[in-house]
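Below are the chains, spelled out letter by letter.
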2 protein chains.
Amino acid sequence: MNAHFQRVDLKKAYRLLNHGPTVLVSAGHEGVDDVMAAAWACALDFDPPKLTVVLDKSTFTRGLVEASGWLAIQVPTAAQAQLVHRLGTRSLGSEPDKLASSGVVIERVDAYAPPLVQGCAAWLMCRVIAEPHNQQAYDLFIAEVVEAWADDRVFSDGHWQYERAPESLRSLHYVAGGHFYAIGEAVVVPVDA
Amino acid sequence: MNAHFQRVDLKKAYRLLNHGPTVLVSAGHEGVDDVMAAAWACALDFDPPKLTVVLDKSTFTRGLVEASGWLAIQVPTAAQAQLVHRLGTRSLGSEPDKLASSGVVIERVDAYAPPLVQGCAAWLMCRVIAEPHNQQAYDLFIAEVVEAWADDRVFSDGHWQYERAPESLRSLHYVAGGHFYAIGEAVVVPVDA
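Conventions adopted
- Residues numbered from 1 in each chain as written.
- Chains lettered and ligands numbered in written order.
- Predicted model: local features only at pLDDT ≥ 70, side-chain atom pairs only at ≥ 80, totals over all residues.
- Heavy atoms only, no water.
- Least-squares fit on C-alpha atoms with pLDDT ≥ 70 in both.
- Contact = heavy atoms within 4.5 Å.
- Phe/Tyr/Trp six-rings, centres within 6.5 Å; stacked < 30°, edge-to-face > 60°.
- Helix = DSSP H or I, 4+ residues; strand = E, 2+ residues; numbered from the N terminus.
- Buried < 20%, exposed > 50% of the residue type's maximum accessible area, 1.4 Å probe, protein only.
- Salt bridge = Lys/Arg side-chain N within 4 Å of Asp/Glu carboxyl O.
- Buried area = accessible area lost by both parts, 1.4 Å probe.
- Polar contact = N/O pair within 3.5 Å; in protein donor to acceptor, adjacent residues only side chain to side chain.

1. Considering the relation of the copies chain B and chain A
(1) Moving on: Structural alignment of chain B on chain A gives an RMSD of 0.0 Å, achieved by rotating through 180° and translating 0.0 Å along the axis. On the angle and the small slide along the axis, the relation comes out as a two-fold axis.
(2) Moving on: A symmetric contact is evident, with 100% of the interface residues of chain B recurring at the interface of chain A.

What follows is the structure, given as structure tokens:
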């Protein structure tokens, strides 16, 4: 990662997901890595930070999450829209070169099992909290965020800085059919009104 | 509701939440209605559509959800930012006139227990699926969407129409401290690339 890859205080980690971005989910196990796109990820708690993510049984990534007990959630950027869509429509099960052909460059941080995707705006390293009923009945995974980082050009002082950051670093919010929206303009209200 | 309040095909209802907006949660029971703001709501399944929402034990709304078994999730607009922030920071428990003083106008649709908030861009009427462990351990509620509507100026043909709709109808995406972002510009990628 480059010099803009900076640690985020865990108490502020929920803010990386609070505005509802589409995310990338990474997992790795015994030398196999995969990354998928997911629109259904959400903050669940502040401290310690937890999150939920829906991982369909058909996804290869889910198998790696279950085998390793770890996943990484990442906030991709507007510049990565094509990459995100490819990761959401191709499967490592049928396309062994999925990551390379999708344009993904991964990198390991410390000894964590999940790889991180270069070029994202934020990364949350998570340990799965085993909840077999949720996983089976709803494809719903709960995880605790153990470490978080962000690109300090677009997230600093505990806040997204979209007003100042390059447009290319804006988060993506998927609808369907290759149709995303980037996050837009700030709307600030008086906090005591 | 006005003439723009139109039913959404349940198969497309997930798209109302897919881009991660901050929502309003309504509930009603035995003549008492409440509405709260929530950033932590997320689609969970397509068909039948389901969603998750985090309701802290301190919220008055949660009690009404538990008592009635119903909730409504609504997508408020940029024009409602101040109202959303008030609903997220005031409690009916300590402020009996919370709804009126926050500027909320509610309306009932058919015989559903939860009231709907006028002026939102979308409304999802939901029956809670009882999952006591999730509710107690994580404040996490799972619900099935039984009927959905949207303002047809901003959601039609199964898609958000932010490119064409008035800016005032854009969704809100909360960060913290009265700081929201409105949803922004479309980013469209070729679906077969």
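Anyway, onward from the coordinates.
2. Remarks on the packing of aromatic side chains
(1) Moving on: Taken as a whole and assessed by the stated rule, the structure comprises 22 aromatic pairs over all chains.
(2) Moving on: Ring geometry for Tyr14 of chain A against Phe46 of chain A: centres 4.7 Å apart, planes inclined by 85°, an arrangement best described as edge-to-face. Note that Tyr14 of chain A is positioned in the loop between strand 1 (5–7) and strand 2 (23–29) and Phe46 of chain A in strand 4 (residues 41–46), a separation of 32 residues in sequence.
(3) Moving on: With a relative accessible area of 12%, Tyr14 of chain A lands in the buried category.
(4) Moving on: Under the relative-accessibility criterion, Phe46 of chain A is labelled partly exposed at 42%.
(5) Moving on: An angle of 55° between the planes, with centres 4.6 Å apart, marks the rings of Tyr174 of chain B and Phe180 of chain B as tilted. With respect to burial, Tyr174 of chain B and Phe180 of chain B carry one shared label: buried.
(6) Moving on: Cluster of aromatic residues (ring-pair linked, three or more members): Phe5, Trp70, Tyr112, Trp123 and Trp149 of chain A.

3. A few points about the pattern of salt bridges
Note on pairing: side chains with opposite charge can pair once their charged atoms come close.
(1) Moving on: Counted under the stated rule, the structure contains 22 salt bridges over all chains.
(2) Moving on: Asp47 of chain B is the salt-bridge partner of Lys11 of chain B, the closest N and O atoms lying 3.9 Å from each other. Of the two residues, Lys11 of chain B is situated in the loop between strand 1 (5–7) and strand 2 (23–29) and Asp47 of chain B in the loop between strand 4 (41–46) and strand 5 (49–54); the sequence distance between them amounts to 36 residues.
(3) Moving on: Each of the salt bridges in this network shares a partner with another, and the network as a whole consists of Lys57, Arg62, Glu66 and Asp139 of chain A.

4. Structural notes on the interface of chain B and chain A
Interfaces are frequently sized by the accessible area removed from exposure as the parts join.
(1) Moving on: Taken together, the contact pairs 54 residues of chain B with 54 residues of chain A.
(2) Moving on: When the area that chain B buries against chain A is broken down by residue, the three leading residues are Trp40, Tyr138 and Tyr181 of chain B, summing to 17%.
(3) Moving on: Taken together, chain B and chain A are joined by zero salt bridges.
(4) Moving on: The tally of links from chain B across to chain A stands at 29 residue pairs in polar contact (both at pLDDT 80 or more).

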